[in-house]
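Each chain is listed here by its residues.
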Amino acid sequence: MDSRKLILRETAVVAVGEALCTAVMLGVFALLGRFDRSVLLGGVFGWLFAVLNVFFMALGAMMAADKAEKQDVKGGQTLIRLSFLLRMAVLFLLMFALVKGGVCNVISLVVPLLFTRPILTIAEYFRKAGDPKE
């Protein structure tokens, strides 16, 4: 499979999983009587940041793999490290600004980022169980 299609497919899976988990999280806030505009915006921005983080992580991994195929393993490793540092710095700055500005609830902003790993794990389990190797 083309690596660009794989990146888009994985990002789509994460986007759907994040949307479902974020909806459940917002429902929990509503059940607790803590739902307001800042919680909704935190959930939306948290979803967006989680999906973009996965997209740029996969894009960086693809670029690093391309470097490794060209026998530049050290360059690929450096690219992965820089990608990680840049993604984390941008995430931190954006999230800090949104929370400090009072736009978003900190919990509803951060929690969607925690959903990513379980979503990817569950998606990989189902892919291994049902899909042939590509």
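Residues numbered from 1 in each chain as written. Predicted model: local features only at pLDDT ≥ 70, side-chain atom pairs only at ≥ 80, totals over all residues. Heavy atoms only, no water.

Empty space within the largest pocket amounts to approximately 340 Å³. Listing elements by their share of the lining of the largest pocket, those giving two or more residues are α2 (37–69) and α3 (73–100). Top element by residues in the lining of the largest pocket is α3. It accounts for eight residues. Of the residues in the lining of the largest pocket, the class split is eleven nonpolar, three polar and one charged. Its boundaries defined by the atoms lining it, the second largest pocket holds a volume of some 280 Å³. Listing elements by their share of the lining of the second largest pocket, those giving two or more residues are α1 (3–31) and α2. Examining the composition of the lining of the second largest pocket, we find that seven residues originate from one element, α2, more than from any other. Its residues assigned to classes, the lining of the second largest pocket comprises nine nonpolar, one polar and two charged. (1 Å grid on protein atoms, 1.4 Å probe; cavity = no way out; pocket = protein on both sides within 12 Å on 5 of 7 lines; lining within 4 Å. Points joined across faces, edges and corners; volume = space filled by probe spheres on them. Helix = DSSP H or I, 4+ residues; strand = E, 2+ residues; numbered from the N terminus. Nonpolar A, V, L, I, M, F, W, Y, C, P; charged D, E, K, R; others polar.)

By size, the foremost hydrophobic cluster in this structure holds eight residues: Val14, Met25, Leu26, Phe29, Val39, Val54, Phe115 and Ile119. Breaking this core down by element, the ones donating at least two residues are α1, α2 and α4 (106–130). Residues in contact with Val14, not counting those within four places in the same chain, are Val54, Ile119 and Leu120. Core analysis: the second largest hydrophobic core is formed by six residues, Phe49, Leu91, Met95 and Leu98 among them. (Core = buried A, V, L, I, M, F, W, Y, C linked by side-chain atoms within 4.5 Å. Buried < 20%, exposed > 50% of the residue type's maximum accessible area, 1.4 Å probe, protein only. Contact = heavy atoms within 4.5 Å.)

Turning our attention to the packing of α2 against α3. Contact geometry of α2 with α3 gives a least axis separation of 8 Å together with a crossing angle of 165°. Here α2 is positioned roughly antiparallel relative to α3, judged by the angle of their axes. Between α2 and α3 lies a crossing whose hand is right-handed. Here Phe45, Phe49, Asn53, Phe56, Met57, Gly60, Ala61, Met63, Ala64, Lys67 and Ala68 of α2 come into contact with α3, specifically with Val73, Gly75, Gly76, Leu79, Ile80, Ser83, Arg87, Met88, Leu91, Leu94, Met95 and Leu98. Residue composition of the contact of α2 with α3, grouped by class: 16 nonpolar, five polar and two charged. (Axes fitted to C-alpha atoms, helices over the stretch in contact; angles between N-to-C directions. Parallel < 35°, antiparallel > 145°, perpendicular 65-115°, else oblique. Left-handed = near helix turned anticlockwise from the far one by under 90°.)

What follows is about the environment of Ser83. By the element assignment, Ser83 lies in helix α3. Contact partners of Ser83, with chain neighbours within four places excluded, come to Phe56 and Gly60.

Counted under the stated rule, the structure contains four salt bridges. The partner of Arg4 in a salt bridge is Asp2, with the nearest N and O atoms 3.3 Å apart. The class of Asp2 is partly exposed, set by a relative accessible area of 34%. Here Lys67 makes a salt bridge to Asp72, at a shortest N to O gap of 3.8 Å. Overall, the relative accessible area of 32% leaves Asp72 in the partly exposed class. (Salt bridge = Lys/Arg side-chain N within 4 Å of Asp/Glu carboxyl O.)

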